[in-house]
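# Fold and contact review
So the chains spell out like this:
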Amino acid sequence: MSELSPTVAESILSRLFPPTCVLCGAPGSASGRDLCAGCTADLPRNLEACARCALPFDTRMPPGTLCGRCQRRLPPFGRCLAAFRYEGVVPSLVVGAKFEGRLDLARLLGQCLAEAVRGSEPQWPEVLVPVPLHPKRLRARGYNQAHEIARVLGRELSLPVDPLCCSRVRATPPQSGLDERERRRNLRGAFEVQEPLRWRRLAIVDDVVTTGSTIVELARVLRRAGAERIEVWAVARTP
Ligand SMILES: [Zn+2]
Ligand SMILES: [Zn+2]
């Protein structure tokens, strides 16, 4: 049997399973998203944030304002875009996509991120690179949520996804509870880039950016391998 094209398959699926809001159960959006208009409007969009690292600001700032940390030292990526603040219902959506095998939530988050990217006048990259998981963790979890989100994003934005150009070669202990310096040390040597790197302009895709040490380290090794322009596109950023 020949494979159905994704759009035909999607329209059949959406007739069989009409989009339903994952948060309140109301009918989903007309564009086939599993989120109703009301719940979409309630999501904490990360509009007031550092222009480089997406750190949420408490108050309104002039466009282009940098946080204190980026003023002290610019990160090795050009810009991090985070669709949402990691608060309200966002953590439950992200945790579901990450640890509970809810690939429907990964799809929804990818769709939301695509919309945020489209609205942000991005520097279009050649490729999307999901933050890699260590093979051991990938085996345990069965999937990499960043890759699942990147897959949806790639389809929505017509960009290829390259999950193989870099890998996580060191399983790092959990980062929570560590301060910034310890996190950096913890991550040193964690990533390896397959050389030669084919890409010059890329967007790293992640689910949540916490302190930013992971994306800083990954961007650093990608730059060393020849990447010239790197953006980070993430679903959410912690305050
Ligand atoms: Zn809803
Ligand atoms: Zn910043």
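Here we summarise the structure given alongside this text.

### Regarding the packing of helix H4 (residues 90-99) against helix H5 (residues 103-118)
- Relative to each other, H4 and H5 sit at 125°, their axes nearing to 7 Å. Viewed along their axes, H4 and H5 adopt a mutual orientation that is oblique. Both H4 and H5 take part in a crossing whose hand is left-handed. Together, Ser92, Leu93, Val94, Gly96 and Ala97 of H4 and Leu105, Ala106 and Leu109 of H5 make up the contact between the two elements.
- Each residue belonging to the contact of H4 with H5 can be placed in one class, and the counts come to six nonpolar, two polar and no charged.

### Considering the packing of aromatic side chains
- This model, assessed by the stated rule, comprises one aromatic pair.
- Taking the centre distance of 6.2 Å and the plane angle of 90° together, the rings of tryptophan 124 and tryptophan 233 count as edge-to-face. You can see tryptophan 124 sitting in the loop between H5 and strand S2 (127-130) and its partner tryptophan 233 sitting in strand S6 (residues 229-237), a full 109 residues away along the chain.

### Some remarks on the coordination of the zinc ion (ligand 2)
- Ligation of the zinc ion (ligand 2) by protein atoms is provided by Cys50 (SG), Cys53 (SG), Cys67 (SG) and Cys70 (SG), these donors lying 2.3 to 2.4 Å from the ion.
- Its four donor atoms give the zinc ion (ligand 2) angles of 106 to 115° at the centre, a pattern that matches the tetrahedral case.

### Comments concerning the environment of arginine 107
- Turning to its location among the elements, arginine 107 is positioned in helix H5.
- The exposure class assigned to arginine 107 is partly exposed, which follows from its relative accessible area of 29%.
- Along the sequence, arginine 107 and glutamine 145 sit 38 residues apart, while their C-alpha atoms lie 9.8 Å from each other.
- Here arginine 107 is in contact with Gly32, Asp34 and Val152, once residues within four sequence places are set aside.

### Examining the pattern of salt bridges
- Tallied over the full model, the rule gives ten salt bridges.
- One salt bridge in this structure joins arginine 60 and glutamate 48, with 3.7 Å as the shortest N-O distance. Taken together, the residues arginine 60 in the loop between helix H2 (37-42) and helix H3 (68-72) and glutamate 48 in the loop between H2 and H3 connect sequence positions twelve residues apart.
- In this structure arginine 60 comes out as exposed when scored by relative accessible area, which is 71%.
- For aspartate 104, the salt bridge identified is with arginine 102, shortest N-O distance 2.9 Å.
- For arginine 102, a relative accessible area of 32% corresponds to the partly exposed category.

### Some remarks on a nonpolar patch on the surface
- Side chains of Val8, Ile12, Leu16 and Phe17 sit close together on the surface and give an oily, nonpolar patch of about 410 Å² of accessible area.
- Within the element layout of this structure, leucine 16 appears in helix H1 (residues 6-16).
- According to the relative accessible area criterion, leucine 16 is exposed, its value standing at 58%.

Here is what the cut-offs are and how they apply
Residues numbered from 1 in each chain as written. Chains lettered and ligands numbered in written order. Predicted model: local features only at pLDDT ≥ 70, side-chain atom pairs only at ≥ 80, totals over all residues. Heavy atoms only, no water. Axes fitted to C-alpha atoms, helices over the stretch in contact; angles between N-to-C directions. Helix = DSSP H or I, 4+ residues; strand = E, 2+ residues; numbered from the N terminus. Parallel < 35°, antiparallel > 145°, perpendicular 65-115°, else oblique. Left-handed = near helix turned anticlockwise from the far one by under 90°. Contact = heavy atoms within 4.5 Å. Nonpolar A, V, L, I, M, F, W, Y, C, P; charged D, E, K, R; others polar. Phe/Tyr/Trp six-rings, centres within 6.5 Å; stacked < 30°, edge-to-face > 60°. Donors = N, O, S within 2.8 Å, 3.2 Å for Na, K, Ca; no water. Tetrahedral: all angles 85-135°; square planar, octahedral: opposite > 155°, others 65-115°. Buried < 20%, exposed > 50% of the residue type's maximum accessible area, 1.4 Å probe, protein only. Salt bridge = Lys/Arg side-chain N within 4 Å of Asp/Glu carboxyl O. Patch = residues over 30% accessible without salt bridge, like charges linked within 9 Å, V, L, I, M, F, W, Y side chains within 5 Å. Areas by Shrake-Rupley, 256 points an atom, 1.4 Å probe, with all protein chains shown as cover.

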